[in-house]
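# Notes for the structure review
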Amino acid sequence: MDAIGLGAGVLIAVVALIVLVLLFAVSRLFRKVPQGKALIISKVRKVDVTFTGAMVLPVLHKSEVMDISVKTIDIERTGQEGLICRDNIRADIRISFFVRVNKTVEDVVKVAQAIGTERASDQETLQELFNAKFSEALKTVGKQLDFVDLYTKRDEFRDQIIRVIGTDLNGYSLEDAAIDYLEQTPMASLDSANILDAQGIRKITELTAIEHVRTNEFRRHEEKEITRQNVDAREAILELERRQADAEVKQRREIETMRAREEAEIAKVQAEERLKSQAAQLRTDEQLGIQQQNQQREIEVAGKNRERVIAIESERIEKDRLLEVIGRERETELSRIAKDKELETEKRSIAEVIRERIAVEKTVAEQEENIKKLRVVEEAQRTREAVVIRAEAEAQENLVKGIKAAEAAEQAAKFKAREELTLAEARQQAAELETRAKIRLAEGVQAEEAAAGLAAAQVRERDAVALEKVGRAEAIVEREKAVVVAEALRDKLKGEAEGLTEKAAALAALDSASREHEEYRLRLDAEKEIRLAALDVQRDVAEAQAVVLSAGLEKADIDIVGGETMFFDRVVGSIGLGKSVDGFVQHSDVVGSLARPYLDGSASFTDDLAKLIGAVSTEDVKNLTLSAFLAKQLQAGGPDSDKLRELMTTAQQLGLAETSVATVVAAKQ
């Protein structure tokens with residue numbers, strides 16, 4: 001190896017050694033930072049913070065590691081320290097806050113300088129630092145919510161706490177909060193002497209009482225509903241049991257009916273058989289009676305024959321005896337007695353023979369009767385037994401048939417009952433569905449009917465609103481008008497008052513002569529106004545009178561004499577006088593009877609008066625009044641005295657008594 005090669009080798013070895021030394025130094029001086037930690041390097045003039053790793057030179061640098069991971073701070077308030085809500089109800093709460101050092105260089109340096117790296121990661125230090133702040137925030141937010149809202153709106157409660165606390169805590173950051181436990185503080189832990197606790201106790205008692213009442217209502221409602229369902233189920237079960245019992249009774253009745261029918265049939269058959277047997281027995285008895293009667297008749301006939309034979313024999317014996325008495329007149333009484341004794345003996349023997357014969361015949365008849373009776377009885381017994389056996393066989397057969405039929409009917413009834421039960425359930429379901437459908441339909445109809453009424457009510461409501469608006473608008477207009485009128489009147493009065501004030505001031509400023517002249521002028525103006533007002537009133541009265549006259553005397557031919565109110569007064573007076581005369585004439589019976597010929601047109605007052613005047617000289621009476629003329633004629637007497645009195649009365653009633661005769665005559669002409 002030459003020198004160049006040796007030098008290159010040494011150089012490479014030195015370089016490699018240096019590299020190894022550098023690598024070893026870096027590996028020893030470089031400090032890595034794990035996650036959740038921060039490395040704080042205090043240098044000569046500044047402080048560096050790294051979250052990954054950095055070179056720390058000995059002597060020149062001082063390194064500290066700070067735990068910046070999330071820490072939990074638990075706040076617990078229970079018992080008398082419980083959280084007081086807005087409704088003064090205390091709540092036991094335990095909440096966990098998640099706090100960590102903010103992962104920024106400035107915040108890490110701030111925390112390190114304020115607390116120190118070791119205390120910054122200590123749990124107790126964090127608890128001491130933030131306990132008061134978090135508790136205050138907790139009480140602040142808790143006082144803004146009721147207990148129920150606090151319990152049900154936990155998220156809102158938590159967010160408000162975080163919002164009140166804030167996220168910047170002098171280098172720390174509040175990551176989150178979690179409500180671990182939240183319940184009402186027990187009543188035993190509350191202090192009744194505390195006013196807030198007393199209000200909370202009252203609130204809790206009130207709410208719990210309401211909830212207890214509602215709970216009791218729900219329980220009672222539940223019990224009632226359960227009871228109602230039980231009653232309905234029981235009613236349904238009883239209904240089904242009743243149907244089952246009805247079906248069973250019906251089935252049992254049908255079975256009993258069938259059984260009774262069969263028994264009736266059996267009894268009928270037995271009765272018929274018994275009737276037949278009794279009929280046969282009666283027929284047998286009848287035949288036996290006939291035979292007995294025949295036998296008795298034969299016995300009687302035989303007895304008669306026997307008596308007849310005995311009589312014949314007795315007559316023969318008596319004849320023989322008489323012949324013996326006649327033939328042997330001389331036989332003594334002893335022979336007759338012997339003969340009678342022998343005759344009696346013979347008679348006794350004959351009677352004995354006859355009795356024995358009759359007894360034998362009787363015995364034979366009885367034996368024959370017994371034989372016949374026994375035969376009939378045996379025959380009847382055999383017949384009865386045969387009938388009974390046949391009836392029993394038929395009954396057994398019918399019974400077996402009935403039992404089988406009943407069993408078949410029972411099975412059929414069971415299937416029928418099951419079918420009816422199924423059909424009833426189906427009908428019940430159908431009825432329920434139909435009822436629901438009808439209810440829905442009724443609700444629909446009700447809604448439809450209510451819709452029209454509701455629409456009408458809405459229309460009326462809108463009309464009422466419109467009318468109210470119109471009324472309000474009119475009222476506003478009227479009020480505005482009244483305000484305008486009031487303002488105008490006020491302005492007018494104000495103007496008059498100002499004018500009067502100015503006028504009074506002007507009068508006060510005038511001297512005495514001018515003031516008297518002004519007062520005189522004012523009096524003249526006042527009198528002028530009064531005169532004009534009086535003329536206006538007179539004019540109105542004249543117009544009213546003219547209207548009355550034009551209405552009352554529209555078609556009358558009247559000569560107007562006089563002025564102003566005189567004409568009207570006279571016309572009204574004439575009308576009043578005429579009405580008075582008409583009323584007097586109409587209501588006076590005497591005047592009515594006297595003036596009736598002149599009033600009903602049957603006589604003419606002027607004609608009668610003209611005739612009367614015509615009878616005298618016109619010159620004599622022309623200056624006399626009508627009453628004087630009539631009085632003069634009455635004094636003269638004559639046949640027309642009554643008529644003259646009527647004329648006098650009529651003239652007085654008509655107001656013509658003081659009228660001159662010449663005037664009346666001229667009016668007539």
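What you see is a predicted model; the values in this text were computed from it and never measured.

## With respect to the overall build of the protein chain
Each helix and strand counted, the protein chain has 16 helices and 10 strands in total. Out of the 669 residues in the protein chain, the part that is buried amounts to 19%. Partitioning the intrachain contacts of the protein chain with sequence separation of at least 6 by distance along the chain shows that 62% fall at a separation of at least 24. When the accessible surface of the protein chain is totalled, it reaches about 48,000 Å², and 57% of it is carbon and sulfur.

## Quick word on the pairing of strand 3 (residues 47-50)
When strand 2 (residues 37-42) meets strand 3, the two strands line up antiparallel, connected through four bridges. Within strand 3, the residue paired with isoleucine 41 across the bridge is aspartate 48.

## Let's talk about the packing of aromatic side chains
Enumeration over the complete set of coordinates arrives at four aromatic pairs. Look at phenylalanine 130 and tyrosine 172: their rings are 5.2 Å apart centre to centre, the planes differ by 80°, and that puts the pair in the edge-to-face class. Placement of the pair is phenylalanine 130 in helix 4 (residues 123-142) and tyrosine 172 in strand 10 (residues 172-184), with a sequence separation of 42 residues. Judged by relative accessible area, which is 6%, phenylalanine 130 ranks as buried. Arranged with centres 6.1 Å apart and planes meeting at 35°, the rings of phenylalanine 147 and tyrosine 151 form a pair that is tilted.

## Here we look at the pairing of strand 8 (residues 90-101)
Burial runs high along strand 8: nine of the 12 residues are buried. As judged from the seven bridges shared by strand 6 (residues 71-77) and strand 8, these two strands associate in the antiparallel manner. Counted as the bridge partner of isoleucine 75 is isoleucine 95 from strand 8. Where strand 7 (residues 83-84) and strand 8 come together, two bridges link them in antiparallel fashion. Bridge pairing in strand 8 links leucine 83 to alanine 91. In sequence, strand 7 turns back onto strand 8 through a hairpin of five residues, with asparagine 88 there showing a positive phi of about 60°. Pairing geometry for strand 8 and strand 10, over 11 bridges, is antiparallel. Within strand 10, the position partnered with phenylalanine 98 by the bridge is aspartate 176.

## Description of the pattern of salt bridges
Taken as a whole and assessed by the stated rule, the structure comprises 29 salt bridges. The closest approach of N and O atoms between lysine 43 and aspartate 48, which form a salt bridge, is 2.5 Å. Exposure remark for lysine 43: the relative accessible area of 30% places this residue in the partly exposed category. Close ionic contact of arginine 242 with glutamate 239 constitutes a salt bridge, the shortest N to O distance being 2.4 Å. Pair noted here: arginine 242 and glutamate 239 are both in helix 7 (residues 195-327), with a separation of three residues, about one helical turn. Residue class for glutamate 239 comes out partly exposed when judged on its relative accessible area of 29%. One network of salt bridges, with partners in common, ties together Glu239, Arg242, Arg243 and Asp246.

## A short note on helix 7
The set of residues buried in helix 7 consists of Asp197, Gly200, Ile201, Ile204, Gln251, Ile266, Glu273, Thr284, Leu288, Gly303, Arg306 and Arg321. Two or three places before leucine 196, at the opening of helix 7, asparagine 194 has a side-chain oxygen 3.1 Å from that residue's backbone nitrogen.

## Topic: the sheet that holds strand 3
Spatial strand order, 3-2-5: three strands in an open sheet with antiparallel pairing. Looking at the sheet topology across the chains shown, the edges are occupied by strand 3 and strand 5 (62-67). For this sheet, the mean angle separating the axes of adjacent strands, direction not counted, is 20°. As judged from the six bridges shared by strand 2 and strand 5, these two strands associate in the antiparallel manner. The residue bridging alanine 38 from the neighbouring strand is methionine 66, located in strand 5. Packing of helix 2 (residues 105-114) onto the sheet brings it into contact with strand 2, strand 3 and strand 5, and relative to strand 3 it is tilted by some 120°.

Rules and cut-offs
Residues numbered from 1 in each chain as written. Predicted model: local features only at pLDDT ≥ 70, side-chain atom pairs only at ≥ 80, totals over all residues. Heavy atoms only, no water. Helix = DSSP H or I, 4+ residues; strand = E, 2+ residues; numbered from the N terminus. Buried < 20%, exposed > 50% of the residue type's maximum accessible area, 1.4 Å probe, protein only. Contact = heavy atoms within 4.5 Å. Areas by Shrake-Rupley, 256 points an atom, 1.4 Å probe, with all protein chains shown as cover. Pairing = 2+ DSSP bridges. Phe/Tyr/Trp six-rings, centres within 6.5 Å; stacked < 30°, edge-to-face > 60°. Salt bridge = Lys/Arg side-chain N within 4 Å of Asp/Glu carboxyl O. Polar contact = N/O pair within 3.5 Å; in protein donor to acceptor, adjacent residues only side chain to side chain. Axes fitted to C-alpha atoms, helices over the stretch in contact; angles between N-to-C directions.

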